[in-house]
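Architecture at a glance
What follows is the residue order along each chain.
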Amino acid sequence: MPDTERTWNIAAQLDDLRAQELWRELRPLDEAHGLTVRSGDREWINFSSNDYLGLAHSQEMQAALEDGIAKYGGGSGASRLVCGTHRSHVTLEEALAHFKGTEAALTFSSGFAVALGTIPALVGAGDTIILDKLCHASLVDAARLSGATIRVFPHNHLDKLERLLQTAQGRVLVVTESIFSMDGDAALLKEIVELKSRHGAWLLVDEAHAVGVLGPQGRGLSAALGVDQQVDLHLGTLSKAFGLSGGYLAASRQVIDLLINRARSFIYSTAPPMHLAHALTTMIDLISSRRGDLLRSKLHTNVGQAVQLLKDIGMSPPAVQAAILPVIIGEASQALAASARLRDSGFLIPCIRYPTVARGSARLRITLSAEHSVSQITALGSALQAAL
Ligand code: PMP
């Protein structure tokens, strides 16, 4: 062991994580084509992927990627402002802007990178960011990085949000997810839009878990509620319902021009490969087509079946709007044990615990996909009953 590992207390930190039941490890899958995943001779039904529409392994995806690779090959070779901007990136961004109903859009290598680049580019010292308490780590880290004053309101607590808006200094940015990643519930977007407009603040909505899943053509919760035109900054990921990877920020032309000049995770990072941009443009077409509607309808039927099953086994599932169905257990040790029992009975459902969620609120996070069959969901009900 190198000496520095000893002086930096690496082993002690790892022991501490184990002692607190916060230890995590990577478990590679040998095969993950679709919802049946394999490692060695073991096989599970996957109820933990964010590939909500089942596009990641679809024929359309395969064909679009192959076409993209044949046309453009591998990596882009440089960052976007150097020589990494290809026509395929621009076409994707135009398609995203059209899809989200904004003047322009900018893509990044991940959803996390969108937040890290966007928020510090727009606000800084002397400004105020007001976040919902349950906002994703990327939004929290971006807010910290910006140097703005950070204020947090309890989840969906509008009175507190209003009080914070009344005393906020400088440029004021309200930040929320639309569908919350670990709770599956929805932000009170209509009310938040009304409040931010009344107080002259800007609003960033992270639609990572709603885009592709909710709203007309899958345009997200803000479109479903008819408030998308009042949202100033639309953030989304291309790694969940879109079935690939990357992230986007859709907004006015001027905001996007500013991000091209100021968003450091955009400027100083190699442009995503062109075949990804090419395939993602095809996925937008698919998601906003009749086929997308059918997949969403199948997904919502699956979610309805799963919610009903939980009720049938005596549980009280939360009001689920999209495809995330948490089963709150409490203690990490119990949630870990339940997840392990489910794994033993052939279901891949992770235990989510601190620091991703608050201590004492460890949970199983079930995600549904349009690809799940009725019999797979029925089998999940029985397995859950036995595991809990
Ligand atoms: N926002 C939310 C709400 C998320 O759940 C995630 C992914 N877990 C991200 C942003 C980051 O997106 P990506 O995985 O594309 O980096």
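Residues numbered from 1 in each chain as written. Predicted model: local features only at pLDDT ≥ 70, side-chain atom pairs only at ≥ 80, totals over all residues.

- Naming follows an unreviewed UniProt entry, where the protein appears as 8-amino-7-oxononanoate synthase of Prosthecobacter vanneervenii.
- Under the UniProt heading Sequence similarities (unreviewed entry), the note attached to the protein is "Belongs to the class-II pyridoxal-phosphate-dependent aminotransferase family." (UniProt positions renumbered as here; feature names shortened; annotations may be inferred.)

A look at the overall build of the protein
- Of regular secondary structure, the protein possesses 16 helices and 13 strands.
- Relative to a compact globule of 388 residues, whose C-alpha radius of gyration would be 21 Å, the protein shows 21 Å and is just as compact.
- The principal-axis extents of the C-alpha atoms in the protein amount to approximately 55 × 55 × 50 Å.
- Sorting the 388 residues of the protein into buried and exposed places 48% on the buried side.
- The long-range fraction of contacts in the protein, counting pairs at least 24 apart against all pairs at least 6 apart in sequence, stands at 71%. (Helix = DSSP H or I, 4+ residues; strand = E, 2+ residues; numbered from the N terminus. Rg over C-alpha atoms; globule rule 2.2 N^0.38 Å. Buried ≥ 20, exposed ≤ 12 C-beta atoms within 10 Å, placed from the backbone. Contact = placed C-beta atoms within 7 Å.)

With respect to the UniProt feature "domain: Aminotransferase class I/classII large" (unreviewed entry) in the protein
- As recorded in UniProt, the sites labelled "domain: Aminotransferase class I/classII large" (unreviewed entry) are residues 43–380.
- Secondary structure over residues 43–380 splits into 44% helix and 17% strand, and the C-alpha atoms at its two ends are 14 Å apart.

Quick look at helix α5 (residues 87–100)
- With 14 residues, α5 should cover 20 Å at 1.5 Å per step; its first-to-last C-alpha distance of 20 Å lies within 8% of that length.
- Buried within α5 we find Ser88, His89, Leu92, Glu93, Leu96, Ala97, Phe99 and Lys100.
- Residues of α5 that are buried in the fold lie against α3 (59–72), β3 (104–108), β8 (233–237), β9 (247–251) and α13 (274–287).
- Looking one or two residues past α5, Gly101 carries a phi angle of roughly 70°, positive in sign. (Expected span 1.5 Å × (residues − 1).)

Here's the deal with the environment of Asp3
- The topology assignment puts Asp3 in helix α1 (residues 3–7).
- Spatially, the C-alpha atom of Asp3 lies 37 Å from that of Gly360, the residues being 357 residues apart in sequence.

Focus: the domain arrangement of the protein
- You can read the domains of the protein as domain 1 (22–51 + 290–387) and domain 2 (59–287).
- Between domain 1 and domain 2, the contact holds 19 residues from the first and 17 residues from the second.
- Secondary-structure elements contributing two or more residues to the side of domain 1 that touches domain 2 are α14 (290–312) and β10 (324–330).
- With 4 residues, α14 is the largest single contributor of residues to the side of domain 1 that touches domain 2. (Domains from an automatic or database assignment.)

Describing the nonpolar core
- Core analysis: the biggest nonpolar cluster contains 118 residues, and Ile130, Val175, Leu249 and Leu280 have the highest contact counts within it.
- Here this core gets 9 residues from one element, more than from any other, and that element is α13.
- When residues of this core are assigned to domains, at least three map to each of domain 1 (22–51 + 290–387) and domain 2 (59–287). (Core = buried A, V, L, I, M, F, W, Y, C linked by C-beta atoms within 7 Å.)

Some remarks on the site of the ligand
- Lining the immediate surroundings of the ligand are 13 residues, of which Ser110, Gly111, Ser181, Ala208 and Thr237 lie closest.
- The residue inventory of the shell around the ligand, partitioned by class, reads 2 nonpolar, 9 polar and 2 charged. (Near = placed C-beta within 6 Å. Nonpolar A, V, L, I, M, F, W, Y, C, P; charged D, E, K, R; others polar.)

A look at unusual backbone geometry
- Here the amide bond leading from Tyr354 into Pro355 is cis, since omega sits at 5°, within 30 degrees of zero.
- Of note, Asn9 is a non-glycine position whose phi angle comes to about 60°, a positive value.
- By secondary structure assignment, the location of Asn9 is in the loop between α1 and α2 (10–19).
- Given 11 C-beta atoms within 10 Å, Asn9 falls into the exposed group.
- Of note, the phi angle at Asn156 is positive, near 60°, even though the residue is not glycine.
- Among the secondary structure elements, Asn156 is positioned in the loop between β5 (149–153) and α8 (158–167).
- In this structure Asn156 comes out as partly exposed when scored by C-beta crowding, with 19 C-beta atoms within 10 Å.

Details of the sheet that holds strand β13 (residues 362–367)
- The 3 strands are arranged β10-β13-β12 in an open sheet whose pairing can be described as antiparallel. Of all the strands in the sheet, the pair left with one neighbour each is β10 and β12 (351–352).
- Inspection of the sheet shows β10 paired to β13 by 6 bridges, in the antiparallel sense. Residue Gly330 lies in a different strand from β13, and its bridge partner there is Ala362. (Pairing = 2+ DSSP bridges.)

Things to note about the pairing of strand β6 (residues 172–177)
- The buried count for β6 comes to 6 of 6 residues, which makes it a mostly enclosed element.
- Neither face of β6 is open: one carries Val172, Val174 and Thr176, the other Leu173, Val175 and Glu177, and all of them are buried.
- With 4 bridges connecting them, strand β4 (residues 128–132) and β6 associate as parallel partners. Across the sheet, the residue bridging to Ile130 is Val174, located in β6.
- With 5 bridges connecting them, β6 and strand β7 (residues 202–206) associate as parallel partners. Residue pairing for β7: Glu177 is matched across the bridge by Asp206.
- Note that the unit made of β6, helix α9 (residues 189–198) and β7 has a crossover that is right-handed. (Right-handed = clockwise from strand over helix to strand, strands pointing away.)

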